[in-house]
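What follows is the residue order along each chain.
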Amino acid sequence: MIYPKDIVEFVAGDPALRERFPAIASIESVNVTINPPEEENCRFEQYMLSEGYDRSRAIRKYLHFLASTYDIFNEIFQFFPKQNQNSSHKDDVSAIGTAPFELFYHALYLYCLDSWGVEGDVIECGTYKGFSACCLSWVCSYLGRRLIVADSFEGLPENETDPYYKKGDFCGQIDEVKANIEDFGKIDQVEFVKGFYETSLQGFNRTLCMIWMDVDLFESATDILTNAFAKLSENGVIISHELFADRDFADGLLKPTIGPSKALHEFFSNHDINYQAVPLENGSGLVVPCRPGERLLISSKCVQYVRDNCRQADGQLRQQISGLEHDIGHWHNEVDKLLALYRSTIDYKLRQGAKLVLGKIGLYRKPGDV
Ligand SMILES: C[S@@+](CC[C@H](N)C(=O)[O-])C[C@H]1O[C@@H](n2cnc3c(N)ncnc32)[C@H](O)[C@@H]1O
């Protein structure tokens, strides 16, 4: 799992924490091997959200970034146009192609890359109507990085490898995308590269810390890697859509199945590049070029843990919650007592009723009756 540099330094600088979280204290780069124990049950995430929050400014800042960013993503999702008026495929009826919880991974990873000084801007290849670009433009604005949005703005190109998709699917025109980013994102942070990647990214010359591709097709992913991979900084990462946990991954690598998975597999083996890959959620995957033997990835389980709980990392809120838990415990006891009373009353009434009925049909006699 990856962590921001200032949090690692906080752990390393405290003897008790060093002993408690030795793998985290020994991290020397954004991309490292962490022994599984910290990841099991998300021990360090639990620590950050409870004691760590009160003790470390770095942890508070990180959790605040994650919680507020995730809030913004969810707000964008709520207000973003929902319907694609020019749908041409059953998958592009919706105007939104990703989900806030998926983009949380990008936010978390970019924060960590930034803290470790990994240089470069972010490129988004595959924008459609601009939902993911809106979200990432906030993150880039926070971190002071440029977001390069590259798309044909005419939808998918012709392709020869996947008959599921056809030319023009997922079309978002450039004016429509710009308007959406103006309304929901940080337009000043964004640059646009218009055209099909085969030509539009030729001679691409910007240093990158992240390549984010959501392009559906083998050919498109190959064109991006051919033109832009060389500009990825050391320790930079690729996140791609259409990498499915049960179809595309084997032993930390990608399989030559179809679409982006096949493109990444072929590109790395043709160029003899070592890498590691891990599935995230919803058909996304993280791919990190690395040295042989390194394990450099994030734990989807730990990311989900922080995502689900980061809003509760507030001391006051936690106090209120424990107060509520106490009250609930108290009312539980009261309800139990009332229930017991109620049951005994019912039993008594039932017994009386039964006696009456049995007496009427002559099967029950009170002591003394003849
Ligand atoms: C699935 S959509 C992206 C969804 C978007 N990320 C979102 O969050 O809504 C795929 C996009 O990739 C673009 N695309 C795919 N292949 C391309 C290529 N070779 N050149 C330029 N754009 C391409 C399409 O125009 C389309 O906008």
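Would you mind going over the domain arrangement of the chain with me for this structure?
Accessible area lost during the coming together of the parts is what is often quoted as the interface size. By domain assignment, the chain separates into domain 1 (56-313) and domain 2 (318-370). A C-alpha centroid distance of 61 Å is found between domain 1 and domain 2.

Help me understand the site of the ligand, please; the structure alone is not making it clear to me.
Taken together, 24 residues surround the ligand, and among them Gly97, Gly126, Tyr128, Ser132 and Ser220 come closest. Of all the elements in the fold, those that place two or more residues in the shell around the ligand are helix H8 (131-143) and helix H11 (218-228). The residue inventory of the shell around the ligand, partitioned by class, reads 10 nonpolar, 9 polar and 5 charged.

What exactly am I supposed to notice about the pairing of strand S4 (residues 208-213) here?
Within a regular strand, the side chains alternate between the two sheet faces. Burial of S4 is extensive: 6 of the 6 residues sit out of reach of the surface. Note that the unit made of S4, H11 and strand S5 (residues 232-241) has a crossover that is right-handed.

What am I meant to see in the environment of phenylalanine 131 here?
When you line up the elements, phenylalanine 131 lands in helix H8. As for phenylalanine 131 and asparagine 227, which are separated by 96 residues in sequence, their C-alpha atoms are 24 Å apart.

Looking at this structure, how should I read helix H9 (residues 174-184)?
Given 3.6 residues per helical turn, the α-helix brings residues three or four places apart onto the same face. Residues of H9 that are buried include every one of Val177, Asn180, Ile181 and Phe184, and no others. Mapping the buried residues of H9 onto a view down its axis gives an arc of 95 degrees, with all of them on the same face. Looking at the buried residues of H9, the elements they touch are helix H6 (57-79), H8 and strand S3 (190-194).

How should the nonpolar core be read in this particular structure?
Formed by 97 residues in total, the largest nonpolar core has its most connected members in Val122, Ile211 and Ile224. When residues in this core are grouped by element, the largest group, 10 residues, is from helix H7 (residues 100-115). Excluding residues that lie within four positions of it along the chain, valine 122 makes contacts with Leu110, Leu136, Cys140, Arg145, Leu147, Ile148, Leu208, Cys209, Met210 and Trp212.

Mind showing me how you'd approach the packing of H6 against H8 here?
A pair of packed helices can be characterised by two numbers: the angle between their axes and the separation between those axes. Running from N to C, H6 and H8 cross one another at 150 degrees; their axes reach a closest spacing of 9 Å. In terms of axis orientation, H6 runs roughly antiparallel to H8. Crossing of H6 against H8: the hand is right-handed. Residue-level inspection shows Phe65, Thr69, Ile72, Phe73 and Ile76 of H6 in contact with H8, the latter providing Cys134, Cys135, Trp138, Val139 and Tyr142. Residue composition of the contact of H6 with H8, grouped by class: 9 nonpolar, 1 polar and no charged.

Help me out: how do you make sense of the packing of H7 against H8 in this one?
Relative orientation of the contacting elements H7 and H8 amounts to 20 degrees, with a least axis distance of 10 Å. In terms of orientation, H7 and H8 fall into the roughly parallel class. The way H7 lies across H8 gives a crossing that is right-handed. Side by side, H7 and H8 meet where Leu103, His106, Ala107, Leu110 and Asp114 of the first sit next to Ser132, Cys135, Leu136, Val139 and Leu143 of the second. Partitioned by chemical class, the residues of the contact of H7 with H8 number 7 nonpolar, 2 polar and 1 charged.

Looking at this structure, how should I read the sheet that holds S5?
By definition, the strands of a sheet pair up through backbone hydrogen bonds, in either a parallel or an antiparallel sense. The 7 strands are arranged S3-S2-S1-S4-S5-S9-S8 in an open sheet whose pairing can be described as mixed. Looking at which strands have only one partner, the edges of the open sheet turn out to be S3 and strand S8 (275-279). Averaged over all pairs of adjacent strands, the angle between their axes in this sheet comes to 20 degrees, without regard to strand direction. Strand direction decides the pairing type here: strand S1 (residues 121-125) and strand S2 (residues 147-151), joined by 4 bridges, are parallel. Across the sheet, residue valine 122 finds its bridge partner in S2, namely leucine 147.

Before we go on, may I ask you to explain helix H13 (residues 259-270) in this structure?
Across its 12 residues, H13 extends 17 Å between first and last C-alpha, which sits within 8% of the 16 Å expected from 1.5 Å per residue. Regarding H13, the residues found buried are Gly259, Pro260, Ser261, Ala263 and Leu264. Close packing links the buried residues of H13 with S4, H11, S5, helix H12 (245-248), strand S7 (253-254) and strand S9 (284-289). Once H13 ends, the next one or two residues include aspartate 272, with phi positive near 55 degrees.

Quick notes on the rules
- Residues numbered from 1 in each chain as written.
- Predicted model: local features only at pLDDT ≥ 70, side-chain atom pairs only at ≥ 80, totals over all residues.
- Domains from an automatic or database assignment.
- Near = placed C-beta within 6 Å.
- Helix = DSSP H or I, 4+ residues; strand = E, 2+ residues; numbered from the N terminus.
- Nonpolar A, V, L, I, M, F, W, Y, C, P; charged D, E, K, R; others polar.
- Buried ≥ 20, exposed ≤ 12 C-beta atoms within 10 Å, placed from the backbone.
- Right-handed = clockwise from strand over helix to strand, strands pointing away.
- Arc of directions from axis to C-beta.
- Contact = placed C-beta atoms within 7 Å.
- Core = buried A, V, L, I, M, F, W, Y, C linked by C-beta atoms within 7 Å.
- Axes fitted to C-alpha atoms, helices over the stretch in contact; angles between N-to-C directions.
- Parallel < 35°, antiparallel > 145°, perpendicular 65-115°, else oblique.
- Left-handed = near helix turned anticlockwise from the far one by under 90°.
- Pairing = 2+ DSSP bridges.
- Expected span 1.5 Å × (residues − 1).

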